[in-house]
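Fold and geometry: a report
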Amino acid sequence: LVVTAFLPIILFPLFGILSSATVTAQYANNTIFLFISGFLMALTLQRWNLHRRFSLKILSWCGVNPGILVLGIMGATFILSMFVSNTATSLMMVPNALSICKALEESGTGSNTRESRRFSTAVMLGIAYSANVGGMASLIGTPPNLVFQKQLAAIFPDAPEMTFAVWLGFGFPIAFIMLLVIWGYLTFTYLRGLDMASRVDPEIFKTQYTNLGPWSYEQIAVTVLFTLEAFLWIFRKDLEFDAVTIEGWANIFSEPKHIADATVGMTIAVILFIAPGRSAYMAEDAPGYEKEETEEEKAKATKKEEVADDNAPASNEQGSQSSNHHHHHPRHHHPMTTLLDWRTANTMPYNIVFLFGGGFALAKGFVDSGLSAYLGEELKGLDSLSTAGIVFIVITLIIWLTELTSNTATSNIMIPITASLAIALETNPYTIMIPVTLACSCAFALPIATPPNMVVFSTGRLPLQEMKKAGLVLNIISSVVILGSAFTFIPWVTGEDADGFPDWAFTPST
């Protein structure tokens, strides 16, 4: 799939669709650097174990009431997946859920009890589904959101900028409603009558949180920078409410239109790279820090150990002195570290970056070749249907399509097509394009549909039949929720008429 992202670089110039310079420029644009900056922050949170500290703190408030506990796990997963990759979030939350499942199984009733199976099914589905919908809530939460942002600007250059704050304004309530719907379904289906109070230690998560130790300097510094980044994203541009307008901080600069969310993200990323941390030796004591060594460092360490073994002192007293010497002096020989180092940054999934670029190049070719206008003319036959009916059909199609395909690939292909559909029907592009983008994250029925689905299924505690059953119901419900949002939350926040055809849509890029 990643290799196919390079095909536009080869084919578009050869067939005279776009120049090589135009195509390759799509692989390093503002949206891609916003994605990169978001991932660098997420990797920093993981490096210093802040994601685990955050999730355990929430779970320590929930007790062992089954419904509240599942809601707590889902809530922590939801919030984390707004900023951290859905895959990483689900991988981090699964061990927390497994610790409760094991406690249920070890309570003397056997590992195959109906109660433990019910709870395992509910909590595993809850983690996967909340990771999926959590990505819908923020602009950087999942790739399709950023695909929409870039393609909106490419196809409709006069359209208002889709900022982090605007997306959060409608994305968070829509995703939160989906979270509550999913929790309600799981509670009703699997957790009714389930009693865990006498079978699971109510202090289980408080104990795990305490074991993390006090906050380290690095954790405090990264938390401050993370909060600052979110603040700068939200208040970059003017926020207009009915009676008051909060002026954006970018207005203090001479050219505020030159400043984008990627500017903020990369500024914080650079600070993470240069802000000093403790030395690598001291960092080993920080909760969650894992020091990685190069092969050369490992070889040197092994050689030193062999020399130390050959010269081992005969007496305990000498051994004690040698040990003390070993523990006190090496810290002066370890290099300093920063909040984010390049070795950690290199774990970023560059394959997604290339997929983004390929999709943006495809969208550019889609418009410049005239294919967009052609499809728009062909789709005019649908104008006999109501806008709501068309939106519902398209949403449903996308939800079931993304069960079998990558949500990034689906959004790259379908968002330009729905833009053409909006032009053909002379309806607001937001009314179709944003619901399609959200629908790309609503794949609940199959393990292969999303990485979080696969992560929880791989634990062996989730029967495939249960995921299919729950996914079928939630796919239908999500279609209805997204359809409703197309005519409520989205026009309220964007200030657009859901059925009107805005002036900026009259001049699509050509």
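The present account deals with the structure reproduced in this document.

Calculation criteria
- Residues numbered from 1 in each chain as written.
- Predicted model: local features only at pLDDT ≥ 70, side-chain atom pairs only at ≥ 80, totals over all residues.
- Heavy atoms only, no water.
- Helix = DSSP H or I, 4+ residues; strand = E, 2+ residues; numbered from the N terminus.
- Buried < 20%, exposed > 50% of the residue type's maximum accessible area, 1.4 Å probe, protein only.
- Contact = heavy atoms within 4.5 Å.
- Patch = residues over 30% accessible without salt bridge, like charges linked within 9 Å, V, L, I, M, F, W, Y side chains within 5 Å.
- Areas by Shrake-Rupley, 256 points an atom, 1.4 Å probe, with all protein chains shown as cover.
- Salt bridge = Lys/Arg side-chain N within 4 Å of Asp/Glu carboxyl O.
- Axes fitted to C-alpha atoms, helices over the stretch in contact; angles between N-to-C directions.
- Parallel < 35°, antiparallel > 145°, perpendicular 65-115°, else oblique.
- Left-handed = near helix turned anticlockwise from the far one by under 90°.
- Nonpolar A, V, L, I, M, F, W, Y, C, P; charged D, E, K, R; others polar.
- 1 Å grid on protein atoms, 1.4 Å probe; cavity = no way out; pocket = protein on both sides within 12 Å on 5 of 7 lines; lining within 4 Å.
- Points joined across faces, edges and corners; volume = space filled by probe spheres on them.

Some points on the overall build of the protein chain
A count of helices and strands for the protein chain gives 24 helices and four strands. Classification of the 510 residues of the protein chain by burial places 51% in the buried group. Within the protein chain, contacts between residues at least 6 apart in sequence are counted, and of these 81% link residues at least 24 apart.

Focus: a nonpolar patch on the surface
There is a patch of nonpolar side chains on the surface, built from Leu7, Ile10, Leu11, Leu14, Phe15 and Ile17 and spanning about 600 Å² of accessible area. Within the fold, leucine 14 resides in helix H1 (residues 7-14). We classify leucine 14 as exposed; its relative accessible area is 67%.

Some points on the packing of helix H3 (residues 30-47) against helix H11 (residues 217-234)
When two helices pack together, their arrangement is captured by the angle between the axes and the distance separating the axes. The contact between H3 and H11 brings their axes to 10 Å, and the two run at 155°. In this view, H3 runs roughly antiparallel relative to H11, as classed from their interaxial angle. When the axes of H3 and H11 are compared, the crossing they make is left-handed. Between H3 and H11, the residues in contact are Leu34, Ser37, Met41, Thr44 and Leu45 and Val222, Leu225, Phe226, Glu229 and Trp233, respectively. The class makeup of the residues in the contact of H3 with H11 is seven nonpolar, two polar and one charged.

Quick look at empty space enclosed by the protein
Using the criterion set out here, one finds one cavity of 30 Å³ or more in the structure. What the largest cavity holds in volume is close to 40 Å³. Lining the largest cavity are Leu59, Ser60, Gly63, Val64, Pro202, Glu203, Ile204, Phe205 and Lys206. Going through the elements one at a time, helix H4 (50-60) and helix H10 (204-210) are the ones with two or more residues in the lining of the largest cavity.

A few points about the packing of H4 against helix H5 (residues 66-81)
Running from amino to carboxyl end, H4 crosses H5 at an angle of 150°, the nearest separation of the two axes being 9 Å. Classed by the angle they form, the pair H4 and H5 counts as roughly antiparallel. Considering only the axes of H4 and H5, their crossing is right-handed. Residue-level inspection shows His51, Phe54, Ser55, Ile58 and Leu59 of H4 in contact with H5, the latter providing Leu69, Gly72, Ile73, Ala76, Ile79 and Leu80. The residue makeup of the contact of H4 with H5, split by class, is eight nonpolar, three polar and no charged.

A look at the pattern of salt bridges
Two side chains bearing opposite charge may form a pair once their charged atoms approach each other closely. Scanning the model with the defined rule gives six salt bridges in all. Between aspartate 261 and arginine 236 there is a salt bridge, with its nearest N and O atoms 3.0 Å apart. Here arginine 236 lies in the loop between H11 and strand E1 (239-240) and aspartate 261 lies in helix H12 (residues 261-274), a separation of 25 residues in the sequence. Just as aspartate 261 is buried, arginine 236 falls in that class too. Note that glutamate 466 is salt-bridged to lysine 469, the shortest N-O span being 3.3 Å.

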